[in-house]
Amino acid sequence: MHTRLLHTDEIDEAAELLKRGELVAFPTETVYGLGGNGLDARSAEKIYAAKGRPSDNPLILHVASTEMLEDIAEEVPELAHTLMTEFWPGGLTLVLKKKSIVPDASTGGLTTVAVRMPAHPVALELIAACGFPLAAPSANKSGRPSPTRAEHVIEDLDGEIAAILNAGPTRIGMESTVLDLSGEHPAILRFGAVTEEELRNFIPNLQSPTDEQRKRAPGTRYRHYSPNAKVTIVPLGELPENHLEKEGRTAYIGYEPCDAAEKYHLENDARDYAKQLFALLRKADHDKVDHILVQAIDEAGLGAAVMDRLRRAAGQLN
Ligand code: AMP
Ligand code: MG
């Protein structure tokens, strides 16, 4: 299959492809998504096949209006309305009970559906032009770092999807926060663009997920975000130099100096890490290094999502 590279003035063409059941990667403010018709089981199956994603790892449905949300969610609790008013469009995904119109193929057989309204004008226009929600996991091969530029999508999926809608680098660079509102109590299933601190202003009793809730976010079980080179984290307060390997070439990502073969400087700031981390993990592979050494940052705010992704890239599953 030839993958077309579309520009932001070709949204209608992207929508036509999606209406025909094809896959189109599109920009959001978090990362690029691999879009397909979320109400069509065959489109969902194509997404799993293109990504090589385990079929029990459910997809997030992206909507352009609250009406579209009400078409797919059975119960929308008061708290969901409050959070939508506050954080939508934006990087917060809500897990709600699903309506039967949503095929099992999109939710990995779960009775719940994850929904988000992205804060990117191209994404919103595309979803509205389609008239149905777009199922869209990150547009990378399963296990690879998430794509924050159209070039990353090409790297992973060229020849396997109908088109990529290019709108340049994404603004945030971390995926959405996944919040379960379908269980006993609200719980964060994945840290992301909206911080725990921000959510606590509206959910003072925010607790850790129960085992049952954890089971319902299977995406968090798999090794993720991994470049080819081995990733090592420099813990807070330790010197990067002390973690250099004796053999092989190392790329170093951090805010303090370190004498490595390749050095990519980041500010000691979670937003800078979020924006650039995935792209730098991919760059390290292009630079043909054996090791990637990444300096840890404080876990406050967006730092929680950054460190979660880093631990997964380093193969430290929790
Ligand atoms: P990705 O599409 O790669 O950004 O990953 C989506 C994340 O949302 C994964 O961690 C999924 O496990 C999680 N997710 C999607 N749908 C649901 C759902 N219905 N219940 C719980 N978690 C979900
Ligand atoms: Mg992903």
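Here, the structure is the one placed above.
Residues numbered from 1 in each chain as written. Chains lettered and ligands numbered in written order. Predicted model: local features only at pLDDT ≥ 70, side-chain atom pairs only at ≥ 80, totals over all residues. Heavy atoms only, no water.

Enquirer: Even after reading the chapter, I still don't get the overall build of the protein, so can you show me in this structure?
Expert: A count of helical and extended segments in the protein gives 11 helices and 14 strands. A compact globule built from 318 residues would reach a C-alpha radius of gyration of about 20 Å, and the protein, at 19 Å, matches this within 12%. With the C-alpha coordinates of the protein rotated into their principal frame, the extents come out at 55 × 50 × 30 Å. Going through the 318 residues of the protein one by one, you find that 57% of them count as buried. When contacts within the protein are restricted to residue pairs at least 6 apart in sequence, those whose partners lie at least 24 apart make up 68%. Of the accessible surface of the protein, which amounts to about 13,400 Å², a share of 48% is contributed by carbon and sulfur atoms. (Helix = DSSP H or I, 4+ residues; strand = E, 2+ residues; numbered from the N terminus. Rg over C-alpha atoms; globule rule 2.2 N^0.38 Å. Buried < 20%, exposed > 50% of the residue type's maximum accessible area, 1.4 Å probe, protein only. Contact = heavy atoms within 4.5 Å. Areas by Shrake-Rupley, 256 points an atom, 1.4 Å probe, with all protein chains shown as cover.)

Enquirer: Explain the pairing of strand S14 (residues 291–295) here, please?
Expert: Regular strands place their side chains on alternate faces of the sheet. Extensive coverage of S14 is indicated by the burial of 5 of its 5 residues. Side-chain alternation along S14 places His 291, Leu 293 and Gln 295 on one buried face and Ile 292 and Val 294 on a second face that is also buried. Pairing analysis gives 4 bridges linking strand S12 (residues 250–254) to S14, with the strands arranged parallel. Bridge pairing in S14 places Ala 251 opposite Ile 292. (Pairing = 2+ DSSP bridges.)

Enquirer: Can you help me understand the sheet that holds S12 in this one?
Expert: For sheets, the rule is that strands pair by backbone hydrogen bonds, running either parallel or antiparallel. Read from one edge of the open sheet, 4 strands run S11-S14-S12-S13, paired in parallel fashion. Of all the strands in the sheet, just strand S11 (230–234) and strand S13 (262–265) have a single pairing partner and so form its edges. The mean inter-strand angle of the sheet, taken between neighbouring strand axes irrespective of direction, is 20°. The pairing of S12 with S13 spans 4 bridges and is parallel. Bridge pairing links Gly 254 to His 265 in S13. Against the sheet, helix H11 (residues 303–313) engages S11 and S14, with an angle of about 135° to S11. (Axes fitted to C-alpha atoms, helices over the stretch in contact; angles between N-to-C directions.)

Enquirer: What exactly am I supposed to notice about the nonpolar core here?
Expert: Looking at soluble globular proteins, one finds that nonpolar side chains tend to be buried together. Ranked by size, the top nonpolar core spans 62 residues in total, and within it Leu 94 and Leu 179 carry the most contacts. Residue contacts for Leu 94: discarding those within four places in its chain leaves Ala 80, Leu 83, Met 84, Trp 88, Val 113, Ala 114, Val 115, Leu 179 and Leu 181. Counting 31 residues, the second largest nonpolar core, distinct from the first, contains Tyr 225, Val 231, Leu 280 and Met 307. (Core = buried A, V, L, I, M, F, W, Y, C linked by side-chain atoms within 4.5 Å.)

Enquirer: Can you help me understand unusual backbone geometry in this one?
Expert: Across the chain, the bulk of peptide bonds are trans and the bulk of non-glycine residues have phi less than zero. Residue Trp 88 is joined to Pro 89 through a cis peptide bond whose omega torsion reads -5°. Checked against the element boundaries, Pro 89 lands in the loop between helix H4 (78–87) and strand S5 (92–97). Even without glycine at this site, Lys 288 takes up a positive phi of about 55°. Note on placement: Lys 288 falls in the loop between helix H10 (270–286) and S14. Taking relative accessible area as the criterion, Lys 288 reaches 65% and is therefore assigned exposed.

Enquirer: Which parts of the structure should I look at to understand the packing of aromatic side chains?
Expert: By convention here, two paired aromatic rings are described through the distance between centres and the angle between planes. What the rule picks out here adds up to 2 aromatic pairs. Aromatic pair Phe 87 and Phe 202: ring centres 5.6 Å apart, planes at 80°, arrangement edge-to-face. On the criterion of sequence distance, the pair formed by Phe 87 in helix H4 and Phe 202 in the loop between helix H8 (196–200) and helix H9 (211–215) is long-range, its members being 115 residues apart. (Phe/Tyr/Trp six-rings, centres within 6.5 Å; stacked < 30°, edge-to-face > 60°.)

Enquirer: Is there a simple way to think about helix H6 (residues 121–130) in this case?
Expert: In an α-helix, one full turn covers 3.6 residues, which means residues spaced three or four apart are oriented alike. Taken residue by residue, H6 has Val 122, Ala 123, Leu 126, Ile 127 and Cys 130 as its buried positions. The arc that holds every buried residue of H6, seen down its axis, measures 130°, which confines them to one face. The exposed set on the far side of H6, more than 90 degrees from its buried face, consists of Pro 121 and Ala 128. (Arc of directions from axis to C-beta.)

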